[in-house]
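# Residue-level structure breakdown
For reference, the chains in residue letters:
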Amino acid sequence: MTRLPSVGPGAPALVADVGGTTIKVARIDETGALSEPVRVPTPRDGARTPERILERIAAEGDGSERILGIGVPGIVDDARGVGVFSENLGWRDADFRALGREVAGLDTAVLHDVRAAGLAEQRLGAAAGLDDVVVITLGTGISAAVVIGGSLHVAGGYAGEIGHAVVVDGGEPCVCGNTGCLEAVASAAAIARRYETRTGREVAGAHEVLALADAGDAAAQRVWSTAVDALAVGISHVAALIAPQAVVLGGGLSEAGDALFSPLERRLEERYRLRRTPVVRARLGENAGVIGVALHTRETERA
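Report on the accompanying structure. (Residues numbered from 1 in each chain as written. Predicted model: local features only at pLDDT ≥ 70, side-chain atom pairs only at ≥ 80, totals over all residues. Heavy atoms only, no water.)

This paragraph deals with the overall build of the chain. When helices and strands are tallied, the chain shows 9 helices and 13 strands. On C-alpha atoms alone, the chain measures out to a radius of gyration of 19 Å, which is about the 19 Å that the 2.2 N^0.38 rule sets for 303 residues. A principal-axis box enclosing the C-alpha atoms of the chain has dimensions of 55 × 40 × 35 Å. Relative to its 303 residues, the chain shows a buried fraction of 51%. When the accessible surface of the chain is split by element, carbon and sulfur atoms take 49% of a total near 13300 Å². Mean positive and mean negative side-chain charge positions of the chain (30 and 39 charges, respectively) differ by 2 Å. (Helix = DSSP H or I, 4+ residues; strand = E, 2+ residues; numbered from the N terminus. Rg over C-alpha atoms; globule rule 2.2 N^0.38 Å. Buried < 20%, exposed > 50% of the residue type's maximum accessible area, 1.4 Å probe, protein only. Areas by Shrake-Rupley, 256 points an atom, 1.4 Å probe, with all protein chains shown as cover. Lys, Arg positive; Asp, Glu negative; His and termini not counted. Charge placed at Lys NZ, Arg CZ, Asp CG, Glu CD.)

As structure tokens, then:
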């Protein structure tokens, strides 16, 4: 098992990365050592879901913690500690900072889950040493962490929502209410859904679509190719606007390796030729979010 990095000395803390089905919870001791995360189910209770999530996280503490850090999905205003909106978990304007104090009795640092992973990759992972970088998570959805001058760019929680920019006019519906969004074409969920719609054949996920494409299935090849094209369009616009030193791809879809990165780099060069933008795979894996929340929690404590 890979040893998790130290995040520096400070008060004992509890940190969590909230996902749609699972919460990863870890503890930081006084030396900055981060425990191996435990995984617990994400509770759902309608309007009280945020409160139930905080209760579940707090139950993993041992009473020694002096601060809580939490990474949450959706649109998140990090500065205010508010979950503005989550389609998947069903909240609007959830004040996680206040709930942390109310439920756990702890000062609470709040960060968007993808920005947490991006912070970890920029400090300790694939983008270590780079000041201008975009970290894109390709999973059930698509979102990005934007780091400029070494700092996360948040814009009230809306920076990095690249998954909800239209890349195909008149394309398929997206959960945001628009059509043809990058997320509706190129996310892992979209790749599986689009293949099933075209063939009537159920698949286990995007990895099976890729395996079928490798085996010569024409429908799978078409779905995969259009997903890569859409990603190239999205990243080309990021490259032109921000000129990052690198774009880091994480999430389950990045595990496709050369089947994703090789055609993506070629198509990106076709889309944007002024300046080469390296596209690299994330290094910290499934614990990147927890590591990023831990880093953010330490920084909040020292501020």
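Read on for the rest.
Attention now moves to the state of the cysteines. Taken as a whole and assessed by the stated rule, the structure comprises 0 disulfides. A disulfide-free cysteine, Cys176 has its sulfur positioned 3.7 Å from the sulfur of Cys181, the nearest such atom. Its relative accessible area of 41% is what places Cys176 among the partly exposed residues. In this structure Cys181 comes out as buried when scored by relative accessible area, which is 0%. (Disulfide = S-S within 2.5 Å.)

Before going further, it helps to examine the nonpolar core. With 37 residues, the main nonpolar core has Ile136 and Leu249 as its most contacted residues. Every element with two or more residues in this core is listed here: strand E9 (133–138), strand E10 (142–148), helix H4 (182–186), helix H5 (188–199), helix H6 (206–214), helix H7 (218–242), strand E12 (246–250) and helix H8 (258–271). Of the residues forming this core, the biggest block, 10 residues, is contributed by H7. Counting residues in hydrophobic clusters, the runner-up holds 20 residues, among them Val18, Ile70, Phe96 and Leu99. (Core = buried A, V, L, I, M, F, W, Y, C linked by side-chain atoms within 4.5 Å.)

Right, let's talk about the sheet that holds E12 for a bit. What links the strands of a sheet is backbone hydrogen bonding, and the strands pair in either a parallel or an antiparallel sense. Spatial ordering of the open sheet is given by E11-E10-E9-E12-E13, a layout of 5 strands whose pairing is mixed. Every interior strand has two partners, whereas the edge strands, strand E11 (151–153) and strand E13 (279–281), have only one. Across the sheet, the mean angle from the axis of one strand to that of its neighbour is 30 degrees, orientation sign disregarded. Examined bridge by bridge, E9 and E12 share 5 bridges and lie parallel to one another. (Pairing = 2+ DSSP bridges. Axes fitted to C-alpha atoms, helices over the stretch in contact; angles between N-to-C directions.)

This part is about the pattern of salt bridges. The final tally for this structure, using the stated rule, is 15 salt bridges. When the shortest N-O distance is used, the salt bridge between Glu301 and Arg298 registers 3.0 Å. Of the two residues, Glu301 and Arg298 are both situated in helix H9 (residues 288–302); the distance of 3 residues between them amounts to about one turn of the helix. Its relative accessible area of 1% is what places Arg298 among the buried residues. (Salt bridge = Lys/Arg side-chain N within 4 Å of Asp/Glu carboxyl O.)

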